[in-house]
Amino acid sequence: MAKTKILFITHEMSPFLEISKISEITRQLPQAMQEKGFEIRILMPRFGNINERRNRLHEVIRLSGMNIVVDNNDNPLIIKVASLPAARMQVYFLDNEEYFQRKKVFRDENGSFFEDNNERSLFFCKGALETVKKLGWSPDVVHCHGWFSAMVPMYLKKVFHDDPTFKDVKVIYSLFNEDADFGQDTLTSKYAEMAAQEDVSADDAAVYGSGSYVDIYKGALSYTDVVVKADDNLNAEVLKFVDDNNIRVVTPESSDDYESYAALYEEFSSVEVEA
């Protein structure tokens, strides 16, 4: 039986970058699904504190060379890849000198939230989907992990909805307890404004509101098909938004409840199996 094609989009993954619980789940879940016969791809940013030599990253020339427009500026996208031999998995990294080649991830050495985190997120979200198009690989499911991928659902539903690569794709978003990491910082309302400059209407982007943690999740979940409760102590306002909007929720028994994940992914297979 042919299996669902799953695209995992995350801002962190062990052993490359370990900030939170997300890193371990995005390391183990794709491998578990691959071992069950699913076809997977994994994309994440190549933040500057990811050691290229130690992790044996190398550029994929055929995928590099695109420009991603953010705030009316062209930004070159470089694609790199690394392998996890023990898992027989490859991870694709999105790189850009201005956005990612700094030694800190989301905050500077003084702990201040980078002012351009909104641009960095937009670059990553749009660049990830353009990379998948260039790969010539059509996922059945796009599974997002972490706030940095918050614009992916809207791009899929409003920008790439007519693209054959993403035809009928389903969006799954895992919720984690990221409140403390994000804190009271904000991507500002410019997050939505910049998204609307090139790709979508202002009304479509308006659901991302002020760019606060809660608002960017309200925006992302407005375009999400299934929410996964992947952590404890989730933001109450975000959960209320899920309930109020009747978004489907899946709650695995644990991080390694792979049967629940597999059953969910199999629902969305685009492959018709002969009797």
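Reading guide: rules and limits
- Residues numbered from 1 in each chain as written.
- Predicted model: local features only at pLDDT ≥ 70, side-chain atom pairs only at ≥ 80, totals over all residues.
- Heavy atoms only, no water.
- Helix = DSSP H or I, 4+ residues; strand = E, 2+ residues; numbered from the N terminus.
- Rg over C-alpha atoms; globule rule 2.2 N^0.38 Å.
- Buried < 20%, exposed > 50% of the residue type's maximum accessible area, 1.4 Å probe, protein only.
- Contact = heavy atoms within 4.5 Å.
- Areas by Shrake-Rupley, 256 points an atom, 1.4 Å probe, with all protein chains shown as cover.
- Lys, Arg positive; Asp, Glu negative; His and termini not counted.
- Charge placed at Lys NZ, Arg CZ, Asp CG, Glu CD.
- Axes fitted to C-alpha atoms, helices over the stretch in contact; angles between N-to-C directions.
- Parallel < 35°, antiparallel > 145°, perpendicular 65-115°, else oblique.
- Left-handed = near helix turned anticlockwise from the far one by under 90°.
- Nonpolar A, V, L, I, M, F, W, Y, C, P; charged D, E, K, R; others polar.
- Pairing = 2+ DSSP bridges.
- Core = buried A, V, L, I, M, F, W, Y, C linked by side-chain atoms within 4.5 Å.
- Salt bridge = Lys/Arg side-chain N within 4 Å of Asp/Glu carboxyl O.

## Things to note about the overall build of the chain
At step 1: Each helix and strand in the chain was counted, giving 11 helices and 10 strands.
At step 2: In terms of overall dimensions, the chain is globule-like: its C-alpha atoms have a radius of gyration of 17 Å, near the 19 Å expected for 275 residues.
At step 3: Its C-alpha atoms give the chain principal-axis dimensions of about 55 × 45 × 35 Å.
At step 4: Residue burial in the chain is summarised as follows: out of 275 residues, 56% are buried.
At step 5: Counted over contacts in the chain with a minimum sequence separation of 6, partners at least 24 positions apart contribute 70%.
At step 6: Surface accessibility of the chain: about 12200 Å² in total, with carbon and sulfur atoms responsible for 42%.
At step 7: The averaged location of the 46 negative side-chain charges in the chain is 5 Å from the averaged location of its 30 positive side-chain charges.

## Some details on the packing of helix α4 (residues 117-135) against helix α5 (residues 152-159)
At step 1: One can describe the packing of α4 onto α5 by two numbers: an axis separation of 9 Å at closest approach and a directional angle of 50 degrees. Relative to α5, the element α4 lies oblique. Considering how the two elements wind past one another, α4 and α5 form a crossing that is right-handed. Residues L122, C125, K126 and L129 of α4 form the contact with α5, whose participating residues are V152, Y155 and L156.
At step 2: Residues that form the contact of α4 with α5 fall into these classes: 6 nonpolar, no polar and 1 charged.

## Details of the pairing of strand β4 (residues 66-70)
At step 1: Residues M66, I68 and V70 of β4 are buried on one face, while the alternating residues N67 and V69, pointing to the opposite face, are not.
At step 2: As judged from the 5 bridges shared by β4 and strand β5 (residues 73-84), these two strands associate in the antiparallel manner. Its bridge partner being in β5, V69 is matched across the sheet by D74.

## Things to note about the nonpolar core
At step 1: Core analysis: the biggest nonpolar cluster contains 101 residues, and F16, M33, W147, M151, Y208, L221 and Y265 have the highest contact counts within it.
At step 2: When residues no more than four places from it in sequence are discounted, the contact partners of W147 are H11, F106, F113, N117, Y173, E178, F182, L187, I216 and Y217.

## Quick word on the pattern of salt bridges
As a working rule, side chains carrying opposite charge can pair if their charged atoms are close by.
At step 1: On inspection of all chains with the given rule, the structure shows 18 salt bridges.
At step 2: Across the pair D231 and K21 runs a salt bridge whose closest N-O atoms are separated by 3.5 Å. Of this pair, D231 sits in the loop between β9 (226-229) and α10 (236-244) while K21 sits in helix α1 (residues 21-35), and the two are 210 residues apart along the sequence.
At step 3: Overall, K21 belongs to the partly exposed group, its relative accessible area being 33%.
At step 4: The partner of K133 in a salt bridge is E130, and the shortest N-O contact between them spans 3.9 Å. Of the two residues, K133 and E130 both sit in helix α4, 3 residues apart, roughly one turn of that helix.
At step 5: In this structure, a network of salt bridges that share partners links the residues R46, E52, K80 and D95.

## Re the environment of I9
At step 1: Turning to its location among the elements, I9 is positioned in strand β1 (residues 5-10).
At step 2: On the basis of relative accessible area, I9 is assigned to the buried category, the value being 0%.
At step 3: Measuring from C-alpha to C-alpha, the distance between I9 and T26 comes to 8.8 Å, with 17 residues separating the pair along the chain.
At step 4: Not counting residues up to four positions away in its chain, the partners in contact with I9 are L43, F124, A128, L129, V142, H143, C144, H145, S149 and V152.

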